[in-house]
Amino acid sequence: MSDSAELSAALEAALVRELRRLYEQLNERWFNERLNRPVLALADTTRRLGQWTRATRMLELSRTLVFARPWREVIGVLEHEMAHQYVDEVLGVLDETPHGPTFQRVCAERGIDARAAGMPMESQTDVDSPGDRALDKIRKLLALAGSDNQNEAEIAMRRAHELMLRHNIEQAATERHYEVRHIGTPSLRANAVEADIVGLLTEFFFVEVIRVGTYLPHEGRQAHIYEVMGTHANVEMAVHVFQFLLATADRLWRENRGDARVRNGRDRLSYQSGVIRGFREKLLAERKTLKGTGLVWVGDGALHDFYRARYPRIRTVKRSVRLSRAHDAGREAGRNVILHKPVSDTSTRAKQRLLRG
């Protein structure tokens with residue numbers, strides 16, 4: 001057997017062990033350990049992402065899914081198939097369709113995506129939903145925010161902010177579907193700049209974000225990543241803002257190395273964290289102005305319930321920021337950042353050209 005084949009076999013064995021560990025973890029979290037472990041297997045099919053078979057007590061996941069797709073999708077499919085097992089073996093409901101009312105209720109009660117079906121789907125989003133129509137308008141405003149005319153750019157960004165707030169206030173009382181997505185690069189340690197950005201996302205962009213464990217099947221190791229939850233339109237916007245601010249903070253750091261307040265490379269995180277804090281101050285000022293027009297955001301209770309259903313035991317870690325002259329310089333730069341560029345389904349894969357300060 002070649003070294004590469006041995007490595008592949010070792011990685012697959014580690015992956016199966018991780019799936020077993022994940023199954024036990026989800027069994028405790030969602031099902032009070034009432035599920036008996038089935039036969040867990042990897043399947044070579046590309047026709048289905050996963051499948052629970054009652055007769056053989058086998059839970060299969062597509063090998064393509066676990067090696068080629070984000071780990072969040074693997075978790076989603078595993079949760080989905082475990083919900084099928086729960087309906088079959090614990091509740092004993094055998095006279096409904098597989099995705100019938102009992103299955104839908106089991107998923108809703110646990111924050112499991114009932115649509116994470118075993119069949120691959122290109123898109124599960126209603127492209128003509130109010131959220132997507134609002135997102136299209138926001139795209140156009142953010143395109144205008146890329147204007148070289150500073151005044152026009154500022155006005156376009158404020159209008160986009162107002163539209164986001166108005167849309168979410170109007171839609172808060174309606175029944176909305178929430179999706180889950182991972183953002184950022186998996187890592188072992190939290191990054192202070194990323195932590196500041198996700199805090200800003202939860203405060204101003206109508207999503208919930210939490211740092212969760214993930215698994216890197218090609219490396220055979222665990223890591224952590226940020227998980228964002230919200231409506232499709234709000235998750236799209238949150239992903240865009242996350243990438244935009246990471247790129248902008250990095251560019252401003254490189255462009256302002258000549259500032260006397262920036263002494264050396266050790267000031268990088270302090271400066272970039274300042275950029276995010278400065279941008280937050282700008283958004284906070286805009287939100288106060290919009291509050292004066294009667295637009296007041298009181299939160300999305302249904303999203304909060306979805307978030308707490310997924311993570312009933314949340315541990316909050318407080319983090320201090322080193323306030324320095326470099327941090328102050330970053331905050332000054334952050335107050336002049338203008339969020340811009342269109343948001344699209346391809347923006348998360350496109351080369352980042354989201355730079356304006």
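Residues numbered from 1 in each chain as written. Predicted model: local features only at pLDDT ≥ 70, side-chain atom pairs only at ≥ 80, totals over all residues. Heavy atoms only, no water.

Draft legend 1. Representation of the overall build of the protein within the structure. In terms of regular secondary structure, the protein is built from eleven helices and six strands. If you take every contact in the protein between residues at least 6 apart in sequence, the share linking residues at least 24 apart comes to 70%. As presented, the protein carries roughly 18500 Å² of accessible surface, and 49% of it is formed by carbon and sulfur atoms. (Helix = DSSP H or I, 4+ residues; strand = E, 2+ residues; numbered from the N terminus. Contact = heavy atoms within 4.5 Å. Areas by Shrake-Rupley, 256 points an atom, 1.4 Å probe, with all protein chains shown as cover.)

Draft legend 2. Fine view of helix α5 (residues 130-144). Here α5 spans 22 Å end to end across 15 residues, near enough to the 21 Å set by a 1.5 Å rise per residue. Among the residues of α5, those classed as buried are Gly131, Asp132, Ala134, Leu135, Ile138, Leu141 and Leu142. In this structure, the buried residues of α5 make contact with α6 (150-171) and α8 (232-255). (Expected span 1.5 Å × (residues − 1). Buried < 20%, exposed > 50% of the residue type's maximum accessible area, 1.4 Å probe, protein only.)

Draft legend 3. Layout of the pattern of salt bridges. All told, the structure shown has 29 salt bridges when counted by the stated rule. Arg335 serves as the salt-bridge partner of Glu281, at 2.7 Å between the closest nitrogen and oxygen. Here Glu281 is found in helix α9 (residues 268-291), whereas its partner Arg335 is found in the segment after α11 (325-334), with 54 residues between them in sequence. On the basis of relative accessibility, which here comes to 38%, the residue Arg335 falls in the partly exposed class. One network of salt bridges, in which partners are shared, links Arg72, Glu79, Glu227 and Arg310. (Salt bridge = Lys/Arg side-chain N within 4 Å of Asp/Glu carboxyl O.)

Draft legend 4. Structural context of the packing of aromatic side chains. Tallied over the entire structure, the rule returns five aromatic pairs. An angle of 35° between the planes, with centres 5.0 Å apart, marks the rings of Phe31 and Tyr86 as tilted. With a gap of 55 residues between them, Phe31 in helix α1 (residues 3-31) and Tyr86 in helix α3 (residues 71-90) connect regions that are remote in the sequence. Here Phe31 and Tyr86 have matching classes, each one buried. When the centroid spacing of 5.9 Å and the interplanar angle of 55° are considered together, the rings of Trp253 and Tyr271 count as tilted. Residue Trp253 is located in helix α8, and its partner Tyr271 is located in helix α9; the two are separated by 18 residues in the primary sequence. The pair Trp253 / Tyr271 is uniform in exposure class, with both members buried. We note Arg29 situated over the ring of Trp30; from NZ or CZ to the ring centre the distance is 5.3 Å. Here the guanidinium or amino end of Arg110 rests over the ring plane of Tyr86, the centre of that ring lying 4.8 Å away. (Phe/Tyr/Trp six-rings, centres within 6.5 Å; stacked < 30°, edge-to-face > 60°. Lys NZ or Arg CZ within 6 Å of the ring centre and 35° of its normal.)

Draft legend 5. Focus on the packing of helix α7 (residues 192-204) against α8. The geometry of α7 relative to α8 is characterised by a closest axis approach of 10 Å and an angle of 145° between their N-to-C directions. Relative to α8, α7 is oriented so that their crossing is right-handed. Each of Val193, Glu194, Ile197, Val198, Leu200 and Leu201 in α7 lies in contact with α8, whose residues at this interface are Ala238, Val241, Phe242, Leu245 and Leu246. Partitioning the contact of α7 with α8 into residue classes produces ten nonpolar, no polar and one charged. (Axes fitted to C-alpha atoms, helices over the stretch in contact; angles between N-to-C directions. Left-handed = near helix turned anticlockwise from the far one by under 90°. Nonpolar A, V, L, I, M, F, W, Y, C, P; charged D, E, K, R; others polar.)

Draft legend 6. Representation of the nonpolar core. In terms of nonpolar packing, the biggest core is built from 48 residues, with Leu200, Leu201, Phe205 and Tyr271 touching the most fellow members. Breaking this core down by element, the ones donating at least two residues are α5, α6, α7, β6 (221-230), α8, α9 and α11. Counting residues per element, this core draws most heavily on α8, which supplies eleven residues. Non-local contacts of Leu201, meaning those with residues more than four positions away in its chain, are made with Ile183, Phe206, Val207, Val209, Ala238, Val241 and Phe242. Of all hydrophobic cores here, the second largest spans 34 residues; its members include Leu15, Phe67, Ile75 and Ile112. (Core = buried A, V, L, I, M, F, W, Y, C linked by side-chain atoms within 4.5 Å.)

Draft legend 7. Looking closely at the side chain of Arg310. Looking at the element boundaries, Arg310 is found in helix α10 (residues 301-310). Residue classification places Arg310 among the buried residues on the basis of a relative accessible area of 2%. Among the polar contacts made by the side chain of Arg310, one reaches the side chain of Glu227 at a distance of 3.3 Å. (Polar contact = N/O pair within 3.5 Å; in protein donor to acceptor, adjacent residues only side chain to side chain.)

Draft legend 8. Examining the sheet that holds strand β3 (residues 58-62) more closely. Strand order across the open sheet formed by three strands is β1-β3-β2, with mixed pairing between neighbours. Taken across any chain shown, the strands that pair with only one partner, and hence form the sheet edges, are β1 (39-43) and β2 (50-53). On average, adjacent strands in this sheet sit at an angle of 20° to one another, irrespective of strand direction. Both β2 and β3 contribute to a ladder of four bridges, which runs antiparallel. Looking at the pairing, Gln51 lines up with Glu60 of β3. Contacting β2 and β3, α3 runs over the sheet at an angle of about 15° to β2. (Pairing = 2+ DSSP bridges.)

Draft legend 9. Structural view of unusual backbone geometry. Positioned with a positive phi, Glu33 is a non-glycine residue whose angle comes to about 60°. Examined against the element boundaries, Glu33 turns out to sit in the loop between α1 and β1. A positive phi angle, close to 55°, is found at Arg57, a residue other than glycine. Here Arg57 lies in the loop between β2 and β3.

This is a description of form; function is not addressed.
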